[in-house]
Amino acid sequence: MDTEGFGELLQQAEQLAAETEGISELPHVERNLQEIQQAGERLRSRTLTRTSQETADVKASVLLGSRGLDISHISQRLESLSAVTTFEPLEPVKDTDIQGFLKNEKDNALLSAIEESRKRTFAMAEEYHRESMLVEWEQVKQRILHTLLASGEDALDFTQENEPSYTSELGPPGRSSLDSMEMVYARQNISEMWAMVKQMTDVTLVPASDALKVRTNMEVRMEFVRQALQYLEQSYKNYTFVTVFGNLHQAQLGGVPGTFQLVCSFLNIKLPAPVPGLQDGEVEGRPVWALIYYCMRCGDLTAAMHVVKRAQHQLGEFKTWFQEYMHSKDRRLSPATENKLRLHYRRALRNNTDPYKRAVYCIIGRCDITDNQSEVADKTEDYLWLKLNQVCFDDDGASSPQDRLTLSQFQKQLLEDYGESHFAVNQQPFLYFQVLFLTAQFEAAIAFLFRMERLRCHAVHVALVMFELKLLLKSSGQSAQLLSHEAGDPPGIRRLNFVRLLMLYTRKFESTDPREALQYFYFLRNEKDSQGENMFLRCVSEIVIESREFDMILGKLENDGSRKPGVIDKFTSDTKPIINKVASAAENKGLFEEAAKLYDLAKNPDKVLELMNKLLSPVIPQISTPQSNKERLKNMAHSIAERYKAQGISAKKSIDSTFYLLLDLITFFDEYHAGHIDRAFDIIERLKLVPLSQDCVEERVAAFRNFSDEIRHNLSEVLLATMNILFTQYKRMKGTSPTTPTRPQRVMEDRDSHLRSQARALITFAGMIPYRTSGDTNARLVQMEVLMN
């Protein structure tokens, strides 16, 4: 546009402004552009507020109308809906209307029965669901408990351990950081531990109904103490022997071989110089009371008596007391002698300067239990030996508290008062295990050792030994902590969760080494879980399903029907209950194919065919291709069918007939999908599953009620395939020349009529059967039948 154009536009604008100012009716606008915009926004908002509902209705009509729906009709139908319940009691009628009253009562009775049945069904379903949830949660809870150690005694120890790896054999270079001497020491600890276990379990058990009564029996507890003392004495004698022969020059061993000469040589090393405060002279240059103490410490009272006799003139009445102590059955003085010795100890020896003399008197008289004799018993093993010698079992009522130490008190002192921190368990785990085990606290010792990762295997195997010897106190429930005290148990008694111990130990290798895990699970063959289920069966079931080693563990079915033994045959001659249990677990987890194979292995044809029916039903109408799911299941089903027929094996009639009918339907669909419609038609005609004439409709409808759900679910596909075959035959007939010498017109018309009659029979059958087929199926059937007409 040129300059003249702009000038003309400006002139017209000025003229329009002059004309507008001349009109007096219109108000003069004195607003800027921003004020005009704000006023327009306010006007627009008021308009939208008034017409929002009308606008929403318009938008809804446009949206639903585009889909062919009448919104006004839908609104009327929604408003006409009633909130009255379906099974609302009927209204009563007048008393004079007998027929109406009876009808009303009958309807009310029917509706009440229906409502009651509905409530009962829902309540039953809810109860089943709740029970299933509880069982499932219990199993999950057990798995969690078996995975994580609980708090309390079972708390995980996250402290850094500087322990060697205790192995039984020297491994290849690079696999262990231990040198040869450390490895020898590790082996020494393990061998000593098992020697101690052997010693402590070599006791005579009393007849009792359970392990608790055995363990709390006084005779058994006394036997435990005697065995512990024998072990400590023999260990110390071995230590003395090693010390002497390791220092022969200093020991100056000589004389008649025996404990006396061994102790004399040991004292040359132990006390090389005279010790001040020792009393009552010497024997062959060694302190008398030191000789007596160490002879007793080595468990040789005869050698100690030899020393007493040689120094009897300096020992006063001690010879008489020691003779009585030596020849008593339980190493216990008579009450009168014991009181006399204790009185002498309190008056003359409590503050004696000879520590060996005080220790010997405290052992023989079982007095002054508060004195730990630390000058003599400077090692944990010495302390244990001293205190176990002071333990008493009979309550004579005459002993003061300072002179009476029971085994329960000593156990509590070691486990609770001193505890793990006192014994530095990270540096010396075997020492604390020894302390607990030698004081008959087997469960606490095992639970402690189990927490040490590198020593866990030893804890488990010690527990297995105790369990087999019926000395282990087991927890009553699997949800208990690894070590627990149960209500009703005597003080100081602890129980071990044996089942949980084994489950925790085997969890790390059960999936990779199921053979070895089964060896441990076999110990649970007499144990029950909270639902009363056998723990061995349950563990086998879980390990088989997790590892999927069905053939290796449970055996394999050969082609001739015989069973090749598996690992499980080593543990029991009757494998059917175990295999059935595993099969049931697999079935519950939805592993129907594996469950069917397992039931076949257990010779349970009913369950085999029942599961095969469930597996075959969904794949029957599918097209069979190599390596497909249908092809695999079909081959499996044919193999079972051939073997059952050859061996004369059969299941329940209903299951058996369903299985073979499904196999025939598989053949029918294979022929149908392959395009062999004549052969497929012959098969469906022989099966008599669907009617192919009007005369057979009612008969087939009646027979349909006897078919299982696996057959009924495939009915729609069978009807469609059959109708497709008829329609294909119809088109093929129409496609041929109608007037040939070999095919007269009359024959073709009869064939045409026959095909249409068969199609109508299928339509009639589909409408009469008490089974709801999809609307698409009915529509397609009708469409093809119409095309044939």
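Residues numbered from 1 in each chain as written. Predicted model: local features only at pLDDT ≥ 70, side-chain atom pairs only at ≥ 80, totals over all residues. Heavy atoms only, no water.

Asker: Could you clarify how one ought to interpret the packing of aromatic side chains in this entry?
Answerer: The description of an aromatic ring pair uses the distance of the two centres, along with the angle that the planes make with each other. For the structure on display, the rule yields 35 aromatic pairs. Centre to centre, the rings of Y236 and Y294 are 6.3 Å apart; their planes meet at 10°, and the pair counts as stacked. With Y236 in helix α7 (residues 218-246) and Y294 in helix α10 (residues 288-297), this pair connects stretches of sequence that are 58 residues apart. Pairing F423 with Y432 gives two aromatic rings, centres 5.3 Å apart and planes at 40°, and the pair type is tilted. On the basis of relative accessible area, F423 is assigned to the buried category, the value being 8%. The structure contains a cluster of three or more aromatic residues connected by ring pairs, namely Y236, Y239, F266, Y293, Y294, Y356 and W385. The side chain of R525 reaches across the aromatic face of Y522, ending 4.3 Å from its centre. (Phe/Tyr/Trp six-rings, centres within 6.5 Å; stacked < 30°, edge-to-face > 60°. Helix = DSSP H or I, 4+ residues; strand = E, 2+ residues; numbered from the N terminus. Buried < 20%, exposed > 50% of the residue type's maximum accessible area, 1.4 Å probe, protein only. Lys NZ or Arg CZ within 6 Å of the ring centre and 35° of its normal.)

Asker: What is the right way to look at the nonpolar core in this model?
Answerer: Nonpolar side chains in soluble globular proteins generally cluster together in the buried interior. Counting residues in each nonpolar core, the largest one holds 205 residues, and the members touching the most others are I292, M296, F318, F322, F437, L554 and M612. Element by element, the count of residues in this core is highest for helix α33 (residues 715-735), at 11 residues. Leave out the neighbours within four places in its chain, and F322 touches M296, L301, A304, M305, V308 and I364. (Core = buried A, V, L, I, M, F, W, Y, C linked by side-chain atoms within 4.5 Å. Contact = heavy atoms within 4.5 Å.)

Asker: Would you take a moment to explain the confidence of the model for the protein chain for this structure?
Answerer: Fine structural detail should not be taken from predicted coordinates in areas where pLDDT scores are low. Averaged over all residues, the pLDDT of the protein chain is 81; the fraction at 70 or higher stands at 83%. Considering only residues more than four positions removed or in separate chains, one finds that residues 83-90, a stretch of pLDDT under 50, has 9 contacts. Segment residues 149-178: pLDDT under 50, and 48 contacts once partners within four positions in sequence are set aside and those in other chains are kept. (pLDDT = per-residue confidence, 0-100.)

Asker: Any chance you could explain the pattern of salt bridges here in plain terms?
Answerer: Tallied over the full model, the rule gives 38 salt bridges. Between R297 and D382 there is a salt bridge, and its shortest N-O distance comes to 2.9 Å. Of the two residues, R297 is situated in helix α10 and D382 in helix α16 (residues 380-390); the sequence distance between them amounts to 85 residues. Of the two residues, R297 and D382, neither departs from the other in class, the shared state being buried. One salt bridge connects R643 with D600, and the closest N-O pair in it is separated by 2.6 Å. Placement of R643 in helix α28 (residues 629-647) and of D600 in helix α26 (residues 592-601) is noted, with a sequence separation of 43 residues between them. The exposure classification of R643 matches that of D600, with both residues buried. (Salt bridge = Lys/Arg side-chain N within 4 Å of Asp/Glu carboxyl O.)

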